[in-house]
Amino acid sequence: MPNIERLGMAARYSEAAICNGVVYLAGQVPETTGDQDIEAQTREVLQLIDQLLAQAGSDKSRILMCQIFIADLADFAGMNRVWDAWVAPGHAPPRATVEAKLANPTYRLEIVVTAAQV
């Protein structure tokens, strides 16, 4: 049975799990919300993803799949502006974006990433 390494483990969930060279991130949400617009929240979430991937021995060029849950599709263009500036050129991963009611009404998005280790 392969080893499973967990990062940022709490009683209910882990921030990441690593198995057989694949990194599975928990859904990442902004830590600061307040009056932040979709672009600010997206930048913050992508920064959290960068940090977790680095901690797991990976980076955004190694993303295998991305799922984006967005509270209001009216924010789709703003989220995409930040995403397009962030994604590694030549390494745009498969991605799904869906409108969803999120756990906290101040969250505008949640992003789930699966990546290969370097």
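Above this text sits the structure in question.
Only a predicted model underlies this, so the values are computations on that prediction, with no experimental measurement involved.

Draft legend 1. View of helix α1 (residues 38-55). With 18 residues, α1 should cover 26 Å at 1.5 Å per step; its first-to-last C-alpha distance of 26 Å lies within 8% of that length. Taken as a whole, α1 has its buried residues at I38, A40, Q41, T42, E44, V45, L46, L48, I49, L52 and L53. Looking at the buried side of α1, the elements it contacts are β3 (22-25), β4 (63-70), α2 (76-86) and β6 (109-116). The opening residue of α1 is D37, an N-cap whose side-chain oxygen sits 3.2 Å from the backbone nitrogen of E39. Residue G57 follows α1 closely and has a positive phi angle near 80°.

Draft legend 2. Region of the structure containing the pattern of salt bridges. Considering all chains together, one arrives at 2 salt bridges under this definition. When the shortest N-O distance is used, the salt bridge between E39 and R81 registers 2.8 Å. Placement of E39 in helix α1 and of R81 in helix α2 is noted, with a sequence separation of 42 residues between them. The exposure class assigned to E39 is partly exposed, which follows from its relative accessible area of 22%. D75 is the salt-bridge partner of R108, the closest N and O atoms lying 3.2 Å from each other. Taken together, the positions of R108 in the loop between β5 (95-99) and β6 and D75 in the loop between β4 and α2 put the pair 33 residues apart, joining distant regions of the chain. Judged by relative accessible area, which is 30%, R108 ranks as partly exposed. For D75, a relative accessible area of 14% puts it in the buried group.

Draft legend 3. Broad picture of the side chain of S14. Inspection of the secondary structure assignment puts S14 in the loop between β1 (4-7) and β2 (16-19). Setting aside anything within four residues of it in sequence, one finds S14 in contact with R6, L7, G8, M9 and A26.

Draft legend 4. Examining the sheet that holds β1 more closely. Overall, mixed pairing links the 6 strands, which are arranged β1-β2-β3-β6-β4-β5 in an open sheet. Where the open sheet ends on each side, the last strands, each with one partner, are β1 and β5. Each adjacent strand pair in this sheet contributes to an overall mean axis angle of 15°, direction not counted. Examined bridge by bridge, β4 and β6 share 7 bridges and lie antiparallel to one another. What sits directly across from F69, in β6, is E110. α1 contacts β1, β3, β4 and β6 of the sheet and is inclined by roughly 25° relative to β6.

Reading the values: the criteria
Residues numbered from 1 in each chain as written. Predicted model: local features only at pLDDT ≥ 70, side-chain atom pairs only at ≥ 80, totals over all residues. Heavy atoms only, no water. Helix = DSSP H or I, 4+ residues; strand = E, 2+ residues; numbered from the N terminus. Expected span 1.5 Å × (residues − 1). Buried < 20%, exposed > 50% of the residue type's maximum accessible area, 1.4 Å probe, protein only. Contact = heavy atoms within 4.5 Å. Polar contact = N/O pair within 3.5 Å; in protein donor to acceptor, adjacent residues only side chain to side chain. Salt bridge = Lys/Arg side-chain N within 4 Å of Asp/Glu carboxyl O. Pairing = 2+ DSSP bridges. Axes fitted to C-alpha atoms, helices over the stretch in contact; angles between N-to-C directions.

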